[in-house]
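What follows is each chain in one-letter form.
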Amino acid sequence: MANITFDAILDRALLGYDISPTEGVVLLKQTDPKAVSAIQATADKLRQTQVGDTVTYVINRNINFTNICEQHCSFCAFRRDEGDTDAFWLNWAQILEKSTDAVRRGATEICMQGGLHPQAQINGKSLPYYLKLVETIKQEFPQLHLHAFSPQEVQFIARLDGISYAEVITALRDAGVGSMPGTAAEVLDDEVRRVLCPEKIDTATWLEIVSTAHKLGVPTTSTMLSGHIETPEQQIGHLDKLRSLQQNAIKQEYPAKITEFIVLPFVGQEAPKSLRRRVGRDQPVLADALLLTAVARIYLGNCIPNHQPSWVKLGLAGATAALNWGCNDIGGTLMEEHITTMAGAVGGTCMEVETLQSAIASLERPYQQRDTLYRKIGNR
């Protein structure tokens, strides 16, 4: 290790080189305030070089169509069993009502994900149910971008119906899904997954489904659930897998790729007790989230240029701070968000456009509305 000096790592990153996993771990393990400050400055400079000063946002609505789920992830306070008093499963009219409200409020995107509900079927098949979710919205509002169904949901549909991931993704794409959320990634390390989400897809399956989406022309996002039991080595391993996946999509000239990376700090307040006890705190540590945000920009920025904090998990002040640690996007208005809120997050569930704009303006950076695929909307 002695031959890798801290300054040399940052200098190489600034020259546009990809840093190695070993170098990434060195950065994440820095505790000296001067070193952390140098990492922040490097990430901020790379953000400026790679994407400029403008901070983007999207007007979107989240629709969690059910919280009934067959899995029991150790961090999740959202899932319920069928028959629980606060279990819900939206009907078609409710889905349409929420979509209509979103359009009335200027949304360009509906983000749709739900629990893995084995009864969510039509004529004994899972895929037709999901296609009807899509068609219910797209028939009424063809202009809306549907950012829907994680790799975990794709695997769930494929497993229940006995079909391939490619068949599921192709059918969803043809019905009107515009992009796939890169959630259910948690940490792409099977040791961590055995504790966090033993029933979820493994690392290789997540990567396979996302890569298949790219091949089939469906863009995805990417995320990391951080700040629980994972080590710096495992965090960098996660970033390295995302970088390789993206570099492969670029090299193979797939019609789609990863559009953005989002750090999702763990919120433990209402999480199941076993994990909460292991983690030992209820809310994210902002300093840890910001350092990871900066290192993610340094590690991924050459191939995944758009980085976004989670105001739902960090609160608006924390997310605004992250814009000085390598982020160039503040995310969406969401309008409604249950998964993190049920975990006890303090960030809230809805942001007015003006609130996001003011937060960006407070840093004396220009703001710009975008669509899901980072194309500018309007004239700012």
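About the criteria used
- Residues numbered from 1 in each chain as written.
- Predicted model: local features only at pLDDT ≥ 70, side-chain atom pairs only at ≥ 80, totals over all residues.
- Heavy atoms only, no water.
- Helix = DSSP H or I, 4+ residues; strand = E, 2+ residues; numbered from the N terminus.
- Buried < 20%, exposed > 50% of the residue type's maximum accessible area, 1.4 Å probe, protein only.
- Contact = heavy atoms within 4.5 Å.
- Areas by Shrake-Rupley, 256 points an atom, 1.4 Å probe, with all protein chains shown as cover.
- Lys, Arg positive; Asp, Glu negative; His and termini not counted.
- Charge placed at Lys NZ, Arg CZ, Asp CG, Glu CD.
- Pairing = 2+ DSSP bridges.
- Axes fitted to C-alpha atoms, helices over the stretch in contact; angles between N-to-C directions.
- Core = buried A, V, L, I, M, F, W, Y, C linked by side-chain atoms within 4.5 Å.
- UniProt positions renumbered as here; feature names shortened; annotations may be inferred.

Novice: Please explain the overall build of the protein chain as it appears in this structure.
Specialist: Counting secondary structure elements, the protein chain contains 14 helices and 10 strands. When burial is assessed residue by residue, the protein chain has 57% of its 380 residues classed as buried. The contacts of the protein chain with a sequence gap of at least 6 include a subset with a gap of at least 24, amounting to 75%. Looking at the protein chain as shown, the accessible area adds up to about 15200 Å², and 50% of this sits on carbon and sulfur atoms. Across the protein chain, the mean location of the 36 positive side-chain charges is 2 Å away from that of the 43 negative side-chain charges.

Novice: Explain the sheet that holds strand β1 (residues 55-58) to me, please; I cannot follow it from the model alone.
Specialist: For sheets, the rule is that strands pair by backbone hydrogen bonds, running either parallel or antiparallel. Spatially, 3 strands are ordered β9-β1-β10 in an open sheet, and the strand pairing comes out parallel. Whereas interior strands pair on both sides, the edge strands pair on one side only; in this sheet they are β9 (329-332) and β10 (367-369). The average angle at which neighbouring strand axes cross in this sheet is 20 degrees, direction not considered. The pairing of β1 with β9 spans 2 bridges and is parallel. Across the sheet, the residue bridging to valine 58 is glycine 332, located in β9.

Novice: Explain the nonpolar core here, please?
Specialist: Counting residues in each nonpolar core, the largest one holds 110 residues, and the members touching the most others are Phe149 and Trp206. The greatest single-element share of this core, amounting to 9 residues, is contributed by helix α12 (residues 286-300). Look past the residues within four positions of tryptophan 206 in its chain and what remains in contact with it is Pro151, Gly182, Thr183, Ala184, Ala185, Leu188, Ile201, Leu242 and Leu245.

Novice: What am I meant to see in the sheet that holds strand β2 (residues 60-64) here?
Specialist: Pairing within the open sheet is parallel, and its 4 strands lie in the order β2-β3-β4-β5. The open sheet is flanked by β2 and β5 (177-179), the only strands paired with a single partner. Adjacent strand axes in the sheet meet at a mean angle of 40 degrees, parallel and antiparallel pairs treated alike.

Novice: Looking at this structure, I do not really get the pairing of strand β3 (residues 109-113). What am I missing?
Specialist: Within a regular strand, side chains alternate between the sheet's two faces. Where burial is concerned, most of β3 is hidden: 5 out of the 5 residues are buried. Residues Glu109, Cys111 and Gln113 of β3 are buried on one face, and the alternating residues Ile110 and Met112, pointing to the opposite face, are buried as well. Summarising the sheet, β2 and β3 pair through 5 bridges and their orientation is parallel. Across the sheet, residue asparagine 64 finds its bridge partner in β3, namely glutamine 113.

Novice: Mind showing me how you'd approach the UniProt feature "domain: Radical SAM core" (unreviewed entry) in the protein chain here?
Specialist: As annotated in UniProt, the feature "domain: Radical SAM core" (unreviewed entry) corresponds to residues 55-302 in the numbering used here. Spanning residues 55-302, this segment combines 45% helix with 15% strand, and its end C-alpha atoms are found 18 Å apart.

Novice: It is not clear to me how the UniProt feature "binding site: [4Fe-4S] cluster" (unreviewed entry) in the protein chain should be interpreted in this structure. Could you clarify?
Specialist: The feature "binding site: [4Fe-4S] cluster" (unreviewed entry), as annotated in UniProt, sits at Cys69, Cys73 and Cys76 in this numbering. Relative to the elements of secondary structure, cysteine 69 occurs in the loop between β2 and α4 (92-104). Exposure remark for cysteine 69: the relative accessible area of 13% places this residue in the buried category. Residues within four places of cysteine 69 in sequence aside, it is in contact with Arg79, Arg80, Asp81, Gly115 and Leu116. Along the polypeptide, cysteine 73 turns up in the loop between β2 and α4. Leave out the neighbours within four places in its chain, and cysteine 73 touches Leu196, Cys197, Glu199, Lys200 and Pro272.

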